[in-house]
Amino acid sequence: MSGLPELIFFGIDWVAFSIPFIEFYALYIVISLSLNLEFGYTGIPNFGKVLFIAGGAAFGGAVAGRLAAYILGVGGNEDFITFNARIITQVNADLVNDPVLAIELVVIALLVAALVGGLLGFLASYPALRLREDYLGMLLLGVAQFFNVVLRTYTPLIGGSQPIFVPDPYYYWSTLGSGVRDLIAMIVMVVFAIAVYVFLEKVVRSPMGRTLRAIRDNEDASAALGKDNAKMRQNVLIVASAIAAMAGALYSFQVGSVEYDTWTRFAWTFWPFLIVIIGGVGNNSGILVGAFFFTLVLRGLEQVQPYLQPYIFFNVNWLQDLLLASLLIIMLYLRPEGIIREKSSHTLNKGVLGKITGSKGGGKGDEAPGEGRLSRISRRLASLFQRRNVQTPTDQAEASKKTG
Amino acid sequence: MVPEYLISALVYASLFAMMAMGLTLTYMTTKVPNFAYGSFVTLGIYSSYTAVKVYGSNPYIGGALGFVVGALVSALMYLGILRPLARRGSSLVSLMIATFGVDIGFIGVFGVYTDYLQYNLGHIDSPQFYALPDFSLWGYSGVTFAAPLSVVAIVLGIYLLFTRTKFGVAMRAAVENPPLARVLGINVDMVTTVSWMLAGGFAGYAGALLTLQLPAGTATGSNLIVEIFSSSVLGGLTSIFGAAVRGLIIGGSEILVTLGLGLGFGTPGAVVIGVVFLFGGILLIRSKRLRSKVVGIIFAGFGVWIVADMVAGFPVDFMSYELVNGFGPNVTPFQQAIPLLIMVVTLMVIPQGIFSINFRRLLGRERK
């Protein structure tokens, strides 16, 4: 029954350091990616991000606990909220012998969270389609703030100011030694983050991703090309909110409880925005970099804290807020596009392009010697346009060259 | 003797009117909703706390201090952060995110300051404190008179400024059409800075007065942002007097509706009435005639109020809420539902604010 090994360099246990680090990193990757889909790619500034995450965590956690207690027959007629600690302790003890149920619980909670998140996203899409950015920002911020009040004061859901515990599906692993449970929770989170990254990267590389950018950059143009802007925006909000809600539910399993005071607009709306701004607006790989940098700053501060505290009269935690706020302003001023700029959209691969242009790398007779693939494509496109009597910009340029 | 809840409604309403006017001023001049505006209220709260508890002086001197501190910090925020960003060509959303960031910065600042008060000066109640002592006049607390009178003074002052002084006219010009105002030789930057100063000052002053009525803390101002936005949006973000009126309505309705309606109808009756009004209102809004549309809005709003009152009937943990959020026992937490719902309804139905409704046409005096 031994826990994880210790790996100590420079006075820091790297195993104990990196598990929460990676957990946090993966969590914020997921949330920031979903925000990036809304804000970076589609141009919906979702200032109520915390609403969707907290909604997923609250409903997922509340349903998982009740369901587990019901299936395992724990608690009987006792009030779930009042006797929460006792019921969940018993549930956890029973779950050790029932790994299938543990997995089912996670899956069901994720589904519930996705449903709740999707529903909230659907509701949020109603104003998002109709309001300007500034009004929308105020509205979503207000709704999210109010939701926090609801969580705090409406006791039947997650106990209000008395937080409730969530059944621990990883409880079996905690019997194997210290740290093993956290390792498993971390792996689940990382797998989820990778899945979300792959999915969103597929989405933004698809024609739909290009449509989203078109909607962001020029609404009228995309509408003129026959795209349903409203429907697209709605879908984006639903999908992104469902993802964020699932991240919230996973987080509540990881910490083992749902509390209203976790869900502040600072940690769950501001931080994701900060990550998107640092990493790169409209760039998923930038989010990975931004989230890493952000996690490093935050966890690094935590490591330094004990050494710094004796010299400072106030709680070192406040430095974190000041530092992050200044970081945001500096980033906005110096490099608003983020560490990694938005790339132009991904096009077809070389083989397919070759087929379209009718050449497979070799010469086909109709190209000038030394001509690159791109210029060949543009020339072919130009000849296509000419056949239809359409003036291309290059035509105009050439015409003006001739006359001038 | 006037009932207690009427007094708290009056004070609450006056405070919101001041805050809403400030936010509207900044929105009019810069076109950016200031998410950090709630923190300026907190600045006023701690100015008052410092004046009373640390220096043992009068809370109304704290109010003046709150005005000055709020004005200075607000000007600093505009000149130091928003103006450079705007000159750099930042988008509206970037500026909104920046004000959000400033709000986070304020959390850190208040944290450091309250820690200083706690550990260095021994004021252990500084992160959360009860209402400060106030003088009383004819059996009522001083703030009962001070808050409404201040609103009247501010509205009158702004009216005179806008209509009787050269600077005020320049301000209006700068709001209406900045490039044209610049051509005419108006210093638009100066005008904007002054309106930011006034806005921060109003928030700080309102915050200082708030400490006389309610318990307050580091998060109080930040949590009020829903009501402040709602008041401003409802007034129409472009009308400063609209903001004052709506601030009064929002503040008053929050307390009167949640308390009054519940006493009058009893819960089941209230639900039925509320739902009937809500649906009737929605049906009317859908009709083509403008007059029935507006009647519908009023009906729906009334229905929403009553339903919100039902919401307020949920089991409520008064004590913890009071301690955490800094509201008094007269204020139920769910009352925030009312400004929020009002905000949603307004944004959806009359996005330009109530002052945009053509009341003449409503009354039938003017034909299409």
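Residues numbered from 1 in each chain as written. Chains lettered and ligands numbered in written order. Predicted model: local features only at pLDDT ≥ 70, side-chain atom pairs only at ≥ 80, totals over all residues. Heavy atoms only, no water.

Trainee: Please clarify how the overall build of chain B should be interpreted in this entry.
Mentor: Scanning chain B from N- to C-terminus turns up 16 helices and four strands. When burial is assessed residue by residue, chain B has 55% of its 368 residues classed as buried. Only carbon and sulfur atoms are counted for the fraction: they give 69% of the accessible area of chain B, which is about 15100 Å². (Helix = DSSP H or I, 4+ residues; strand = E, 2+ residues; numbered from the N terminus. Buried < 20%, exposed > 50% of the residue type's maximum accessible area, 1.4 Å probe, protein only. Areas by Shrake-Rupley, 256 points an atom, 1.4 Å probe, with all protein chains shown as cover.)

Trainee: Before we go on, may I ask you to explain the nonpolar core in this structure?
Mentor: Soluble globular proteins: nonpolar side chains tend toward being buried together. Leu151, Trp263, Trp268 and Trp271 of chain A together with Met19 and Tyr37 of chain B are the most contacted members of the largest nonpolar core, which has 181 residues in total. No other element matches helix H1 (residues 14-41) of chain A, which puts 13 residues into this core. (Core = buried A, V, L, I, M, F, W, Y, C linked by side-chain atoms within 4.5 Å.)

Trainee: Help me understand the side chain of Asp168 of chain A, please; the structure alone is not making it clear to me.
Mentor: All names here are of chain A. For Asp168, the location among the structural elements is in the loop between strand S3 (164-165) and helix H7 (171-174). Residue Asp168 is classed as buried on the basis of its relative accessible area, which comes to 8%. The contact partners of Asp168, leaving out residues within four places of it in the chain, are Asn92, Leu95, Arg181 and Phe253. (Contact = heavy atoms within 4.5 Å.)

Trainee: Can you help me understand the packing of H1 of chain A against helix H9 (residues 207-217) of chain A in this one?
Mentor: When two helices pack together, you describe them by how their axes are tilted relative to each other and by the distance separating the axes. Residue and element names in this part refer to chain A. For the pair H1 and H9, interaxial distance at closest approach is 9 Å and the crossing angle is 50 degrees. Comparing the axis directions of H1 and H9 gives the class oblique. Where H1 approaches H9, its residues Leu37, Gly40 and Tyr41 are matched on the opposing element by Leu212, Arg213 and Arg216. Among the residues forming the contact of H1 with H9, the class breakdown is three nonpolar, one polar and two charged. (Axes fitted to C-alpha atoms, helices over the stretch in contact; angles between N-to-C directions. Parallel < 35°, antiparallel > 145°, perpendicular 65-115°, else oblique. Nonpolar A, V, L, I, M, F, W, Y, C, P; charged D, E, K, R; others polar.)

Trainee: Any chance you could explain the interface of chain B and chain A here in plain terms?
Mentor: It is common to give the size of an interface as the accessible area lost on bringing the parts into contact. Contacts between the two partners involve 55 residues from chain B and, on the opposite side, 47 residues from chain A. Overall, the association of chain B and chain A removes approximately 4600 Å² of surface from exposure, summing both partners, and the carbon and sulfur fraction of that is 77%. Taken together, the links from chain B to chain A amount to one salt bridge. One salt bridge in this structure joins Arg265 of chain A and Asp103 of chain B, with 3.4 Å as the shortest N-O distance. Between the two partners, chain B and chain A, sit five residue pairs in polar contact (both at pLDDT 80 or more). Mapped onto the side of chain B that touches chain A, the elements with two or more residues apiece are helix H3 (59-87), helix H4 (92-120), helix H9 (220-223), helix H10 (225-234), helix H14 (318-325) and helix H15 (337-349) of chain B. Ranked by residues supplied to the side of chain B that touches chain A, first place goes to H4 of chain B with 21 residues. Grouping the constituent residues of the side of chain B that touches chain A by class yields 38 nonpolar, 12 polar and five charged. (Buried area = accessible area lost by both parts, 1.4 Å probe. Salt bridge = Lys/Arg side-chain N within 4 Å of Asp/Glu carboxyl O. Polar contact = N/O pair within 3.5 Å; in protein donor to acceptor, adjacent residues only side chain to side chain.)

Trainee: How do you make sense of the packing of helix H2 (residues 37-54) of chain B against helix H8 (residues 188-213) of chain B when you look at a structure like this?
Mentor: All names here are of chain B. Taken N-terminus to C-terminus, the directions of H2 and H8 make an angle of 50 degrees; their axes are 6 Å apart at the nearest point. With respect to H8, the element H2 is oriented oblique. Crossing of H2 over H8 shows right-handed handedness. Contact with H2, carried on its side by Tyr37, Phe40, Val41, Gly44, Ile45 and Ser48, involves Ala199, Gly200, Phe202, Ala203, Gly204, Gly207, Ala208, Leu210 and Thr211 of H8 and no other residues of that element. (Left-handed = near helix turned anticlockwise from the far one by under 90°.)

Trainee: Whenever I open this one, unusual backbone geometry confuses me. Can you help?
Mentor: One can expect most non-glycine residues to show negative phi and most peptide bonds to be in trans. Phi is positive for Lys31 of chain B, close to 65 degrees, though the residue is something other than glycine. One can find Lys31 of chain B in the loop between helix H1 (4-30) and H2.

Trainee: Teacher, can you tell me more about the environment of Ala98 of chain B here?
Mentor: Mapping Ala98 of chain B onto the fold places it in helix H4. Classification of Ala98 of chain B by relative accessible area gives buried; the value is 0%. Measuring from C-alpha to C-alpha, the distance between Ala98 of chain B and Met171 of chain B comes to 25 Å, with 73 residues separating the pair along the chain. Excluding residues that lie within four positions of it along the chain, Ala98 of chain B makes contacts with Leu328, Ile329 and Leu332 of chain A together with Leu82 and Leu85 of chain B.

Trainee: Sorry if this is basic, but what is going on with the confidence of the model for chain A here?
Mentor: Predicted coordinates in areas of low pLDDT are best not read in detail. Residue and element names in this part refer to chain A. When pLDDT is averaged along chain A, the result is 81, and 83% of the positions lie at 70 or above. The weakest mean pLDDT in chain A belongs to helix H17 (residues 393-403) at 55; the strongest belongs to helix H11 (residues 229-255) at 91. pLDDT under 50 marks residues 361-367. Its contacts with residues more than four places away, or in other chains, come to eight contacts. (pLDDT = per-residue confidence, 0-100.)

Trainee: Looking at this model, I keep getting lost on the packing of aromatic side chains. Mind explaining?
Mentor: To describe a pair of aromatic rings, you give the distance between the ring centres and the angle between the ring planes. In total, this model carries 26 aromatic pairs over all chains according to the counting rule given. Judged by centre distance (6.3 Å) and plane angle (20 degrees), the rings of Phe24 of chain A and Phe294 of chain A are stacked. On the criterion of sequence distance, the pair formed by Phe24 of chain A in helix H1 and Phe294 of chain A in helix H13 (residues 284-308) is long-range, its members being 270 residues apart. One exposure class covers both Phe24 of chain A and Phe294 of chain A, and it is buried. Their ring planes at 70 degrees and their centres at 5.4 Å tell us that Phe40 of chain B and Phe106 of chain B sit as a pair that is edge-to-face. Placement of Phe40 of chain B in helix H2 and of Phe106 of chain B in helix H4 is noted, with a sequence separation of 66 residues between them. Residue classification places Phe40 of chain B among the buried residues on the basis of a relative accessible area of 1%. Connected via pairs of aromatic rings, a cluster forms that spans Phe24, Tyr28, Tyr251, Trp263, Trp268, Trp271 and Phe294 of chain A. Just above the ring of Phe24 of chain A sits the side chain of Arg299 of chain A; from NZ or CZ to the centre is 4.8 Å. When the ring centre of Tyr333 of chain A is taken as reference, the NZ or CZ atom of Arg88 of chain B above it lies at 5.9 Å. (Phe/Tyr/Trp six-rings, centres within 6.5 Å; stacked < 30°, edge-to-face > 60°. Lys NZ or Arg CZ within 6 Å of the ring centre and 35° of its normal.)

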